[in-house]
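Residues per chain, in single letters:
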Amino acid sequence: MDGRQLKAFIAVFEERNITAAARRLHLSQPALSGTIKSLEDLLGAQLFTREARGVAVTEAARILYPQARRILSQTDSMTRQFRQGGNVSAIDIGIEADIAGQDVAVFVRLARQAMPALFVNLLDGCKGDARLSTEDGRCEDELFLPLFAEPYVLAIPEGADAEGLPWIVCPNHPTHQRLLPYYGAAAGAPAASAETLALALDLVAAGLGACVAPESLARAHTNVDVASIDGFEMSRRVGICYAVQALDQSVLATLIDQLRAAAVLPPVTT
């Protein structure tokens, strides 16, 4: 079993389509199908079954997938380590949309303090060995290590009076229901709704209304003024979301242990 076979398997597993996977890997469909067939022969198990509009994964494929991801992750980490010098360890960290640059900088400093020889490769979105996210943004099968907390604030257009401004709301955000008592009757007629807090703040900066957002994210936007929320306190915890199986990668396991030992906030795993 080699890296070429594992990359082919992962691409087909994630795309559920031979054509899309071949395009992703810059291979011909026959070449990709042949690679998958050689892997199935090696394992003595069928990994995919063809369907009218793609492929379906077998139970054997579901078992292999996390192991294949882990093996490739370890191989890539090892390659980066030797290319960058034998004393350097590397890790990929995904950054979620509603994490401000200030928070990313705090995380990188904490990570480098915990492991001085660590090289942190930042990726956009739900990628990498682990994610920098919020506690309410973790998936069901992930653990969460909180690193720091920050308050939510009222964000209004620069120079505007908060009184009478319409709300810009994020109905799909975990905080929305908690904020309804604060919005009051005005919640029924918002100026706009946004998928993310960052998008809501873009609308605030454009002068369309006010929103409630984490302080670091609000202060990162130009043309936005920040005020405390009178009579309503809310905060969020920012930290690392990671899958249990990701701890098989020694670099991540060491980083989690070192950050947990240094963390002011207690770790949360449920």
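Parameters at a glance
Residues numbered from 1 in each chain as written. Predicted model: local features only at pLDDT ≥ 70, side-chain atom pairs only at ≥ 80, totals over all residues. Heavy atoms only, no water. Axes fitted to C-alpha atoms, helices over the stretch in contact; angles between N-to-C directions. Helix = DSSP H or I, 4+ residues; strand = E, 2+ residues; numbered from the N terminus. Parallel < 35°, antiparallel > 145°, perpendicular 65-115°, else oblique. Contact = heavy atoms within 4.5 Å. Nonpolar A, V, L, I, M, F, W, Y, C, P; charged D, E, K, R; others polar. Phe/Tyr/Trp six-rings, centres within 6.5 Å; stacked < 30°, edge-to-face > 60°. Buried < 20%, exposed > 50% of the residue type's maximum accessible area, 1.4 Å probe, protein only. Patch = residues over 30% accessible without salt bridge, like charges linked within 9 Å, V, L, I, M, F, W, Y side chains within 5 Å. Areas by Shrake-Rupley, 256 points an atom, 1.4 Å probe, with all protein chains shown as cover. Salt bridge = Lys/Arg side-chain N within 4 Å of Asp/Glu carboxyl O.

Asker: Can you explain the packing of helix α2 (residues 18–25) against helix α3 (residues 29–43)? Please cite residues and give values.
Answerer: In the contact formed by α2 and α3, the axes pass within 9 Å of each other and the chain directions differ by 100°. For the element pair α2 / α3, the angle class is roughly perpendicular. For the pair α2 and α3, the contacting residues are I18, T19, A21, A22 and L25 in the first and Q29, L32 and S33 in the second. When its residues are assigned to classes, the contact of α2 with α3 shows 5 nonpolar, 3 polar and no charged.

Asker: Residue-level account of the packing of aromatic side chains, with values.
Answerer: Using the criterion set out here, one finds 6 aromatic pairs in the structure. Centroid distance F9 to F48: 5.7 Å. Interplanar angle 40°. Geometry classified as tilted. Of the two residues, F9 is situated in helix α1 (residues 3–15) and F48 in strand β1 (residues 48–51); the sequence distance between them amounts to 39 residues. Looking at F9, the relative accessible area reads 0%, which means it is buried. On the accessibility criterion, F48 (9% relative accessible area) is buried.

Asker: Account for unusual backbone geometry, naming residues and giving values.
Answerer: Glycine aside, a negative phi is what most residues show, and trans is what most peptide bonds show. The residue H26 is not glycine, and still its phi comes out positive at about 60°. Relative to the helices and strands, H26 resides in the loop between α2 and α3.

Asker: I'd like a description of a nonpolar patch on the surface, backed by residues and values.
Answerer: A cluster of nonpolar residues, M1, L42 and L43, forms a patch on the protein surface that exposes about 280 Å² of accessible area. Among the structural elements, L43 can be located in helix α3. L43 gets classed as partly exposed once you look at its relative accessible area, which sits at 36%.

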